[in-house]
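# Observations on the model geometry
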Amino acid sequence: MATTLITGGTVVSSTGRGPADILVDGERIVALLYPGTTALGANLAETVDTVIDASGKYVVPGGIDAHTHMSMPFGGTTASDDFETGTRAAAWGGTTMIIDFAVQKFGERVQDSLQTWHKMASGQCAVDYSFHQIVGDVNDESLAALRRLPDEGITSYKLFMAYPGVFYSDDAQILRAMQIGANTGLLTMMHAENGPAIDVLVAQLLAEGKTDPYYHGIARAWQLEEEATHRAIMLADLTGAPLYVVHVSAKQAVAQLAAARDRGRNVFGETCPQYLYLSLEDNLGAAGFEGAKWVCSTPLRSRQEEHQDQVWQALRTNDLQMVSTDHCPFCMKGQKDMGIGDFSKIPNGIGTIEHRMDLMYQGVVDGRITLERWVEITSTTPARMFGLYGRKGVLAPGADADIVVYDPNGHTSIGLGKTHHMNMDHSAWEGYEIDGHVDTVLSRGKVVVADGEYRGRKGDGQFVRRDPCQYLI
Ligand SMILES: [Zn+2]
């Protein structure tokens, strides 16, 4: 097996940083060599196959993006990144594992949908991958299938309180599913927005001629995120099911999560870069149809109400535990433009998978989070939350050699035709400048990105079976 030594860098974990060399043998890390360590021989650099000089750079565990939607069917079209293009873009951005969503639609069998997603991803991925199971039709049969998911290495499933007629579950369905979540070790993930109320507001706005992308954000009011978050927490409380709320954007929803956590409950939340940087006014409210680029759900929130600062604060205080992307890109031409004249027909989703590590590192530069917290919210906690820790999310002997060498003196200009490899005809992040750069990326010991080149190939990434959540009280 090929051996690699990463020398001279500062190894950063969720708990600290310091100088260390990392020895990789095949797909695994076999040793961390601290200054003064000579047990493995002073001339190690001369005996390994490859030496990577990380002097002046950070060496961190590869990013884990626990919320992506490759080839996701939505609103009559399909997300424009498939498993090949999306995971390659992930590798470019320092993300070495994704957890995508297998989608059971109304009338389908859970096990069939999981097999469909396995077929779509198998042999296509640049980095390792797993699935959460979306249950869009909660009934006796799908609940029985839910119980068997851990045998397939799938330890989390997702329900929607939004999208009536598509993915929506009512409170009775949520209660029944959570009862299974409480005694099988499955983590319940929730899209917490009051869908039926949103649909009333959408119809009223359209009837008033308010058809621009901006009104997507008005219809999906924060009250409806707060209400659904509260309801999900109460149903979880009643059943004893651990709960993970996806793409939290409203400060009031954050407060609901914080209150539940203060009561000692196993309630967790993720946010996404778009809710930290972008806003209703600046982006959804852009001139003409431009705002369609930023139509996603939950929606971007008002900057005047200071949701963004509150979500950053929650990341510092661990009221929110991690950052995923909800990567679900659609092109403007032929996809987003289906909603010209009717914002409700704009496919919901933003492409961010390539930029998550950079955008969150900018939070370190800006003094919003520590370097260690950056590692924690992008890699270590996702690994613990979704049953991967030890193998992923940490640089330690025995762990997969998913390693990113990050250059704090580098620079990344985000935009179309610059560093962007996602399959989109625009970037939601055009013009963002990052004071850092993904230098070298190893995926299970193989250098997949170096010297500004992609050196991997599709099929490098493998399906990873997951253990139950390792974050529970
Ligand atoms: Zn999503």
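Residues numbered from 1 in each chain as written. Predicted model: local features only at pLDDT ≥ 70, side-chain atom pairs only at ≥ 80, totals over all residues. Heavy atoms only, no water.

## Here's the deal with the overall build of the protein chain
Our working definition: Runs of H or I in DSSP of at least four residues are treated as helices and runs of E of at least two as strands, each being numbered from the N terminus. Note on method: radius of gyration uses C-alpha positions; expected globular size equals 2.2 Å times residues raised to 0.38. The accessible surface values rely on the Shrake-Rupley method and a 1.4 Å probe; as for residues, cover is taken only from the protein chains in view. The positive count covers Lys and Arg only, the negative count covers Asp and Glu only, and His and the chain ends enter neither. Working definition for charges: the position is that of NZ of Lys, CZ of Arg, CG of Asp or CD of Glu.
Helix and strand counts for the protein chain come out as 14 helices and 23 strands. A globule of 473 residues ought to have a C-alpha radius of gyration of about 23 Å, and the protein chain, at 22 Å, matches this closely. Projected onto the principal axes, the alpha-carbon positions of the protein chain cover approximately 75 × 50 × 40 Å. By element, 48% of the accessible surface of the protein chain is carried by carbon and sulfur atoms, the whole surface being about 16700 Å². Charge-centre separation for the protein chain: the mean point of 39 positive side chains lies 3 Å from the mean point of 58 negative side chains.

## Here's the deal with the pattern of salt bridges
Close approach of charged atoms allows side chains of opposite charge to pair. In plain terms, the rule: Here, a salt bridge means any side-chain nitrogen of Lys or Arg that lies within 4 Å of a carboxyl oxygen of Asp or Glu.
Here the structure, examined in full by the defined rule, presents 28 salt bridges. Counted as one network, the salt bridges with shared partners bring together Glu27, Arg28, Asp128, Arg391, Lys392, Asp400, Asp402 and Arg444.

## Some remarks on the coordination of the zinc ion
Rule in force here: Donor selection uses N, O and S atoms within 2.8 Å of the metal (3.2 Å for Na, K and Ca). Since no water is included, sites may look incomplete. Three labels apply to residues, based on accessible area from a 1.4 Å probe with only protein chains included: buried if under 20% of the type maximum, exposed if over 50%, partly exposed otherwise in between.
Bound to the zinc ion on the protein side are His67 (NE2), His69 (NE2) and Asp326 (OD), at distances that span 2.0 to 2.2 Å. Mapped onto the polypeptide sequence, the residues donating to the zinc ion form the spacing pattern H-x1-H-x256-D. One end of the pair, His69, is in the loop between β8 (63-68) and β9 (73-74); the other, Asp326, is in the loop between β17 (322-323) and α13 (356-365), with 257 residues separating them in the sequence. Both residues of the pair, His69 and Asp326, belong to the buried class.

## Overview of the packing of aromatic side chains
Counted only if it meets this: Each aromatic pair joins two rings of Phe, Tyr and Trp (for Trp, the six-membered one) with centres within 6.5 Å, and gets the label stacked for planes under 30 degrees apart, edge-to-face for over 60, and tilted for any other angle. Put simply, a charge is over a ring when the Lys NZ or the Arg CZ is close to the ring centre, within 6 Å, and near the line of the ring normal, within 35 degrees.
Scanning all chains against the criterion turns up 18 aromatic pairs. Taken together, a centroid distance of 6.1 Å and an interplanar angle of 90° make the contact between Tyr277 and Trp429 edge-to-face. Of the two residues, Tyr277 is situated in helix α10 (residues 273-277) and Trp429 in the loop between β19 (412-413) and β20 (433-434); the sequence distance between them amounts to 152 residues. The same class applies to Tyr277 and to Trp429, which are both buried. Members of the aromatic cluster, each reached through a chain of ring pairs, are Phe74, Phe160, Tyr163 and Phe167. Its end group placed over the ring of Phe101, Lys158 keeps NZ or CZ at 4.3 Å from the ring centre.

## So, the sheet that holds strand β22 (residues 446-450)
In plain terms, the rule: One bridge is not enough; two strands pair if DSSP finds at least two bridges between them.
Reading across the sheet, the 7 strands line up as β3-β2-β7-β18-β21-β22-β23 and stay open at both edges, with mixed pairing between neighbours. Two strands close off the open sheet at either side, each with one partner strand: β3 (17-19) and β23 (453-454). As paired strands, strand β7 (residues 58-61) and strand β18 (residues 403-407) are joined by 4 bridges and run antiparallel to one another. Opposite Val60, over in β18, you have Val404 as the bridge partner.

## Regarding the layout of surface pockets
Our working definition: For each structure, a 1 Å grid was placed over the protein atoms alone; sets of points admitting a 1.4 Å probe that cannot get out are labelled cavities, open sets with protein on both sides within 12 Å along at least five of seven lines are labelled pockets, and lining residues have an atom within 4 Å of a point. Grid points are joined across faces, edges and corners, and a volume is the space filled by probe spheres set on the points. Ten residue types, Ala, Val, Leu, Ile, Met, Phe, Trp, Tyr, Cys and Pro, are classed as nonpolar, four, Asp, Glu, Lys and Arg, as charged, and the remainder, Gly among them, as polar.
Considered as a void within the structure, the largest pocket measures approximately 420 Å³ in volume. Lining the largest pocket are 21 residues, with Phe74, Tyr163, Arg220, Ser344 and Asn348 sitting closest to its centre. Counting only elements with at least two residues in the lining of the largest pocket, the list comes to β9, α6 (195-207) and α7 (214-219). Ranked by the residues each element gives to the lining of the largest pocket, the list is headed by α6, at 4 residues. Residues that form the lining of the largest pocket fall into these classes: 12 nonpolar, 6 polar and 3 charged.

## Remarks on the sheet that holds strand β1 (residues 3-7)
For the record, the criterion: Note on geometry: axes are lines fitted to C-alpha atoms, helical ones only across the stretch in contact, with angles between N-to-C directions running from 0 to 180 degrees.
With mixed pairing, 4 strands are arranged side by side in an open sheet as β5-β4-β1-β6. Two strands in the sheet have a free side with no partner beyond their single neighbour: β5 (28-33) and β6 (50-53). Looking at each pair of strands side by side, their axes are set apart by 20° on average, direction ignored. Across 4 bridges, the pairing between β1 and strand β4 (residues 21-25) is antiparallel. When the sheet's bridge partners are listed, Thr4 is paired in β4 with Val24.

## Looking at the side chain of Gln104
With respect to the helices and strands, Gln104 occurs in strand β11 (residues 95-104). Since its relative accessible area comes to 0%, Gln104 is described here as buried.

## A closer look at the domain arrangement of the protein chain
To keep it simple, the criterion reads: These domain limits were set by an automatic method or by a database of domain assignments. Contact between two residues is taken to exist if any of their heavy atoms lie within 4.5 Å; hydrogens are not considered. Note on definitions: buried area is the accessible-area loss of two parts on being combined, 1.4 Å probe, summed for both. Polar contact criterion, stated in full: a pair of N or O atoms within 3.5 Å, where within protein one must be able to donate a hydrogen and the other to accept it, and residues adjacent in sequence count only if both atoms are side-chain atoms.
Each assigned domain of the protein chain is listed with its residue range as follows: domain 1 (3-61 + 394-410 + 433-454) and domain 2 (63-385). Taken over C-alpha atoms, the centre of domain 1 sits 32 Å from the centre of domain 2. Every contact between the two is made by 29 residues of domain 1 and, on the other side, 22 residues of domain 2. For the pairing of domain 1 and domain 2, the buried interface totals around 2200 Å² over both sides, and the portion due to carbon and sulfur atoms is 63%. It is Ser14, Ile434 and Tyr454 in domain 1 that bury the most area against domain 2; as a group they hold 25% of the surface buried on that side. Along the contact surface separating domain 1 from domain 2 lie 2 salt bridges. Counting every contact that joins domain 1 to domain 2 gives 5 residue pairs in polar contact (both at pLDDT 80 or more). Sorting the residues of the side of domain 1 that touches domain 2 by element identifies β7, β18, β20, β21 (437-443), β22 and β23 as the ones contributing at least two each. In terms of residues, the side of domain 1 that touches domain 2 owes the most to one element, β21, which gives 5 residues. Of the residues belonging to the side of domain 1 that touches domain 2, the class tally is 14 nonpolar, 8 polar and 7 charged.

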